[in-house]
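The primary structure of each chain is shown beneath.
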Amino acid sequence: MSFFQSFSKIQKWIIVIASLILVVLFSLVSLRNVLLIRYVEKKVTQFNRVYAARLIVEDAHFKGFFGVYMGGVKLISNNNDTLIDSKYIYARVKVIPLITGHIKFDKVQLIGFNINITQTDSLNNFSFLFSNKEKKKKGTVDYASRIKKMVDQFLNYIPSSLEVTDFSLKFSWNMQSVLFKIDQFALLNNMFSTEIHVQENNKNNTWKAQGSLGSREEVAMLRLYADTGKVTIPIVKELKGLRCLFDTLRLELNSNTWIDTKYNSQGLISLSGLVLEQKKIALTEVKIEKAACQFNFSIGKDFIEFDSTSTISMNNYNFNPYFLVKLTSPRKITFKMHEDFNAQTFFTSLPTGLFTNFNGIKTSGNLKLDVDFFVDMSEPDSLEFNAGLIGKDFKIVKYGETDFSKINDTFIHRVYEEGVEVASFMVGPKNPLFTPINKISLPLKEAVKIAENGGVYYQSGFDIYSLKQSIIQNIKKGKFVRGGSTIEMQLVKNVFLTKNKTIARKAEELLIVWLIQSSNICPPDRMFEVYLNIAEWGPHIYGINQASKFYFNKLPATLSVPESIFLASILPRPKWYKYSFSKDGNLDKKNQAYFSRIASSLVKRGTILPADTLNLLWRVKLRAESKALMLKDTSYFDMNAIQQQDEEFFNQTKKNKRPPFNLFPQRDKNESRRNRRNQ
């Protein structure tokens, strides 16, 4: 066979094969819409079988060789409320990655894409998304691998070109609603810039968003600010009572790496002109000019770690905490912070409105803060907690808004309840009811110290052991049930702060106590003396002098052991003293354990003799005025009646500025003799 004959046969075979390929390609092109429709129908059926909802795709076909068009895409919840409604979705894949088996989008268009999230009481149109009926694989979760997979998928599916037209996201709950609208959004060469129109309960605002997305050198960047004024975060005000505003939000994700089975991420979150308003935070607006977090965190197979190379900034103050959460069962939490910082920088960086007592304070020197915390959530009693704040050449040069040294002299003490002044009186020798510490019975002083402070004065102003026990109890109960306050902290709360339970108040309370103690502003005995003279010992009974006369018609110096223990027991809940008594007016036996514990401590300290601990409950006999506030005409106390009585008492006190009953009745000689004989 000649060369030309062989070549001729090869040509024929090439033509045949090419023809077959063309036929196959033509058939695929002809049938691809049919295949696409069947594929979409299969996925829709699978989705509708798994979720309690209806996914609808009205039209699906190829547009161009590598482009897919889907029209009329809707997702409707089982209560016939539409969650997603899209007019037009178009996606075109890249050819080269497709050949290698990877899907990467070259261009994506969304036209008329609307998301509507609704909640009315217990009914909503989105919860079905979190109730997948398919069985999940058993076994431990590898959090690092899961996060890496999610991030990689997100970055891979970011198209080279993204166009969004007429996009809306609406949240509706009960009678409230907020609508986010984007008229036009374009992502080109990984850069974007757009306007977001926000409408909340007929109030309109426009945000501007700029940034980048998808670049490997800079994974993501976002800058968000308002067209005019501040950005107001919607929804949270109505749902959580939190008003949150800021000038500019900046978010950067600078690296996204996988090292030694750990996912590592580095970046920055910053806010300027931040304003917060929430009653649980503080009573007034809290303002922070600059707040930022330069973060470096890792996610492993079973842990999340916030590295100490991260920096959290508040105005001009920076600190570097370490945080580790082991995600195993049970969970384990570790927190550490060891900081040396300039004292004045710290005080000037405090948020405006959060620590008002320090406004304008001038200090010199440095401060050192050490905190070590570890807890196994399955064994709260094993909690490890140590904390300390030490001054290095620290000195108060000038007091700010509040002169903390006023407790050394005579001052006017004002008592507020729910923002209303209910009492005011002078604290000092000029007040005839003021009782010097040396004229208060020793059992009373020691019983109060044992009950409130464990029997000691604390050099730092707060008791680490007590705080530790409080944290343990709060973990066990799953909520805040115990605060761990000492006498020093309660004094500061009563003299310099309000009784409103806010995050700011507790932190400010600790800091003021530390300042007074570390700067020797007031000696411990004087702080204790002031505390005993201003503490509330019952419904609007202030100071040990009034308490002694109200309950026992005695001077503080003559209080007996059982009377002293009883008065100490009132301090944690002064308005509830009556519930310690049974219907016959005698102390209930449930108080026996408390009385025995305090009495035992008094014996060990040498304050009293063992003989003084006999029949403690029986020896507490109230005077007529205090008995009159208790109801004894039912099988047990009528709580509604008692609350009504307390309310009437409170209203009368506000009106008269003094208790409605006579604390110091003038008795005739016969009545006085009878009282002495009864005692």
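Counting restarts for each chain: residues are numbered from 1 in the order of the written sequence. Selection of residues for local features in this predicted model requires a pLDDT of at least 70, selection of side-chain atom pairs for listing and counting requires 80 or more, and totals for whole chains, interfaces and linings are taken over all residues. Neither water nor hydrogens contribute to the side-chain values; these are computed over all heavy atoms in the structure.

S.K.: Explain the overall build of the protein to me, please; I cannot follow it from the model alone.
M.R.: Counting its secondary structure elements, the protein contains 16 helices and 24 strands. In this scheme, a residue with accessible area under 20% of its type's maximum is buried, one over 50% is exposed, and one in between is partly exposed, where area comes from a 1.4 Å probe on protein chains only. In the protein, which comprises 679 residues, the proportion classed as buried is 42%. At a minimum sequence separation of 6, the contacts of the protein that also span at least 24 residues come to 58%. Approximately 38,000 Å² of the protein is accessible, and the part contributed by carbon and sulfur atoms is 56%. Elements are defined by DSSP. Helices are runs of H or I of four residues or more, strands are runs of E of two residues or more, and each kind is numbered from the N terminus. The contact criterion used throughout is that any non-hydrogen atoms of two residues lie within 4.5 Å. Note on areas: Shrake-Rupley, 1.4 Å probe, and residue coverage restricted to the protein chains presented here.

S.K.: Help me understand the nonpolar core, please; the structure alone is not making it clear to me.
M.R.: We define the nonpolar core as a collection of buried residues of types Ala, Val, Leu, Ile, Met, Phe, Trp, Tyr and Cys that are connected through side-chain atoms lying within 4.5 Å of one another. Counting 129 residues, the largest nonpolar core has F358, V448, I516, W537, Y551, F566 and L567 as its most contacted members. For this core, the leading source of residues is helix α9 (residues 503-518), giving seven residues. Counting six residues, the second-largest nonpolar core is a separate cluster that includes V50, Y51, A53 and F128.

S.K.: Looking at this model, I keep getting lost on the pattern of salt bridges. Mind explaining?
M.R.: By salt bridge we mean one thing: a side-chain nitrogen of Lys or Arg within 4 Å of a carboxyl oxygen of Asp or Glu. Across all of its chains, the model carries 17 salt bridges by this definition. Taking the shortest distance from any N to any O, the salt bridge between R250 and E252 comes out at 2.6 Å. K392 is the partner of D340 in a salt bridge, and the nearest nitrogen-oxygen pair spans 3.1 Å. Here K392 lies in strand β22 (residues 379-398) and D340 lies in strand β20 (residues 332-342), a separation of 52 residues in the sequence.

S.K.: Any chance you could explain the confidence of the model for the protein here in plain terms?
M.R.: Caution applies to low-pLDDT parts of the model: their predicted coordinates are not meant to be read in detail. The predictor's confidence in any single residue is recorded as pLDDT, a number from 0 to 100. Looking at the protein, pLDDT values average 81 and 80% of them are 70 or higher. Confidence drops under pLDDT 50 across residues 455-461; counting only partners more than four residues distant or on other chains, this segment forms 23 contacts. Low confidence marks residues 652-679, where pLDDT is under 50. Its contacts with residues over four positions away, or in another chain, come to 33 contacts.

S.K.: Please clarify how the environment of N453 should be interpreted in this entry.
M.R.: Counting through the fold element by element, N453 comes out in helix α6 (residues 442-453). With 33 residues separating them along the chain, N453 and T486 place their C-alpha atoms 5.4 Å apart.

S.K.: I'm lost on the pairing of strand β24 (residues 420-427) in this one. Help?
M.R.: For a regular strand, side chains alternate in direction, first toward one face of the sheet and then toward the other. For two strands to be treated as a pair, DSSP must find at least two bridges joining them. Relative to β24, strand β23 (residues 411-417) runs antiparallel, the two being bridged by seven bridges. Bridged to V415 within β24 is A423. Taken together, β23 and the strand that follows it, β24, pair antiparallel across an intervening segment of two residues, in which E418 is found at a positive phi of about 55°.

S.K.: Explanation requested: α6 in the structure shown.
M.R.: Structural remark: α-helix, 3.6 residues per turn; residues separated by three or four positions point the same way. Taking 1.5 Å per residue as the helical rise, α6 with its 12 residues ought to reach 16 Å, and the 16 Å between its terminal C-alpha atoms agrees with that figure. Those residues of α6 lying buried are P443, L444, K445, E446, A447, V448, K449, I450, E452 and N453. Buried-residue contacts for α6 involve α8 (487-496), α10 (524-534), α11 (544-552), α12 (561-570) and α13 (592-604). Residue count minus one, scaled by 1.5 Å, sets the expected span of a helix.

S.K.: Where do I start with the packing of aromatic side chains in this structure?
M.R.: Aromatic ring pairs are reported here in terms of the distance separating the ring centres and the angle at which the planes meet. Ring pairs are drawn from Phe, Tyr and Trp, using the six-membered ring of Trp, whenever the two centres fall within 6.5 Å, and their geometry is named by plane angle: stacked under 30 degrees, edge-to-face over 60, tilted for the rest. The full count for this structure, using the stated rule, is 26 aromatic pairs. Measuring from ring centre to ring centre gives 6.3 Å for F113 and F167, while their planes differ by 10°; the resulting arrangement is stacked. Within this pair, whereas F113 is found in strand β4 (residues 105-120), its partner F167 is found in strand β6 (residues 161-173), the two being separated by 54 residues in sequence. Seen in terms of ring centroids, F552 and F566 are 6.0 Å apart; in terms of plane orientation they differ by 80°. Their pairing is edge-to-face. Of this pair, F552 sits in helix α11 while F566 sits in helix α12, placing them 14 residues apart in sequence. Across the pair, exposure class does not vary: F552 and F566 are buried alike. By way of ring pairs, the aromatic residues Y317, F319, F341, F346, F347, F355, F358, Y399, F404 and F496 are connected into one cluster. Only Lys NZ and Arg CZ are tested; either one counts as a charge over a ring when it is within 6 Å of the ring centre and within 35 degrees of the ring normal. Over the ring of Y90 we find K63; its NZ or CZ atom is 5.7 Å from the centre of that ring.

S.K.: What is the right way to read the packing of α6 against α13 from this model?
M.R.: Between two packed helices, the angle of one axis relative to the other and the distance separating the axes together describe the packing. Helix axes are fitted to C-alpha atoms over the stretch in contact, other axes to C-alpha atoms as well, and angles between N-to-C directions run from 0 to 180 degrees. α13 packs onto α6 with a crossing angle of 115° between their chain directions and a minimal axis gap of 10 Å. One element, α6, and the other, α13, form an angle in the roughly perpendicular class. Read as a crossing pair, α6 and α13 show a hand that is right-handed. In contact with P443, E446, A447, I450 and A451 of α6, α13 contributes Y594, I598, S601 and L602. In the scheme used here, Gly and all other residues not listed as nonpolar or charged are polar, with Ala, Val, Leu, Ile, Met, Phe, Trp, Tyr, Cys and Pro taken as nonpolar and Asp, Glu, Lys and Arg as charged. A per-class count over the contact of α6 with α13 returns seven nonpolar, one polar and one charged. Just so you know how the angles are binned, under 35 degrees is roughly parallel, over 145 roughly antiparallel, 65 to 115 roughly perpendicular, and the rest oblique. By convention, the crossing between two helices is left-handed when the near helix turns anticlockwise from the far helix through less than a right angle, and right-handed when the turn is clockwise.

S.K.: Hey, could you run me through the side chain of N591 in this one?
M.R.: Looking at the secondary structure, you find N591 in the loop between α12 and α13. According to the relative accessible area criterion, N591 is buried, its value standing at 14%. Once residues within four sequence positions are removed from consideration, N591 is found in contact with S580 and L617.

S.K.: Sorry, what's going on with unusual backbone geometry here?
M.R.: A negative phi angle characterises most non-glycine residues, just as the trans form characterises most peptide bonds. Of note, the bond from S329 into P330 is cis; its omega dihedral lies within 30 degrees of zero at 5°. You can see P330 is positioned in the loop between β19 (322-326) and β20. A positive phi is found at N520, a non-glycine position, where the angle reads about 55°. Considering the arrangement of structural elements, one finds N520 in the loop between α9 and α10.

S.K.: Please clarify how the packing of α11 against α12 should be interpreted in this entry.
M.R.: One can describe the packing of α11 onto α12 by two numbers: an axis separation of 12 Å at closest approach and a directional angle of 115°. The element α11 and its partner α12 pack so that their crossing is right-handed. For the pair formed by α11 and α12, the contact residues are I544, A547, Y551 and F552 on the first element and E563, F566, L567 and I570 on the second. For the contact of α11 with α12, a count of residues per class yields seven nonpolar, no polar and one charged.

S.K.: Which parts of the structure should I look at to understand α8?
M.R.: Taking burial as the measure, the 10 residues of α8 include 10 buried ones, the bulk of the element. Residues of α8 that are buried: I487, E488, M489, Q490, L491, V492, K493, N494, V495 and F496. The inward-facing, buried residues of α8 contact β23, α6, α9 and α10.

S.K.: Explain the side chain of K554 here, please?
M.R.: Relative to the helices and strands, K554 resides in the loop between α11 and α12. A polar side-chain atom of K554 sits 2.9 Å from a polar atom in the side chain of E563. Excluding residues that lie within four positions of it along the chain, K554 makes contacts with S548, K549, S560 and E563. Each polar contact in these results corresponds to two N or O atoms within 3.5 Å; when the atoms are within protein, one needs to be able to donate a hydrogen and the other to accept it, and residues that are neighboring in sequence are counted only if both atoms are side-chain atoms.

S.K.: Quick question: what am I supposed to make of the pairing of strand β9 (residues 203-213) here?
M.R.: Pairing analysis gives 10 bridges linking strand β8 (residues 191-200) to β9, with the strands arranged antiparallel. Bridge pairing in β9 places S193 opposite Q210. Counting the residues in the hairpin turn of β8 and β9 gives two residues, including N201, whose phi is positive at 50°. Of the strand pairs in this sheet, β9 and strand β10 (residues 220-226) are connected by seven bridges, and their pairing is antiparallel.

S.K.: Looking at this model, I keep getting lost on the environment of I471. Mind explaining?
M.R.: Assignment of secondary structure puts I471 in helix α7 (residues 464-477). We classify I471 as partly exposed; its relative accessible area is 23%. Considered as a pair, I471 and L383 are 88 residues apart in the sequence and their alpha carbons are 8.6 Å apart. Look past the residues within four positions of I471 in its chain and what remains in contact with it is F373, L383 and F385.

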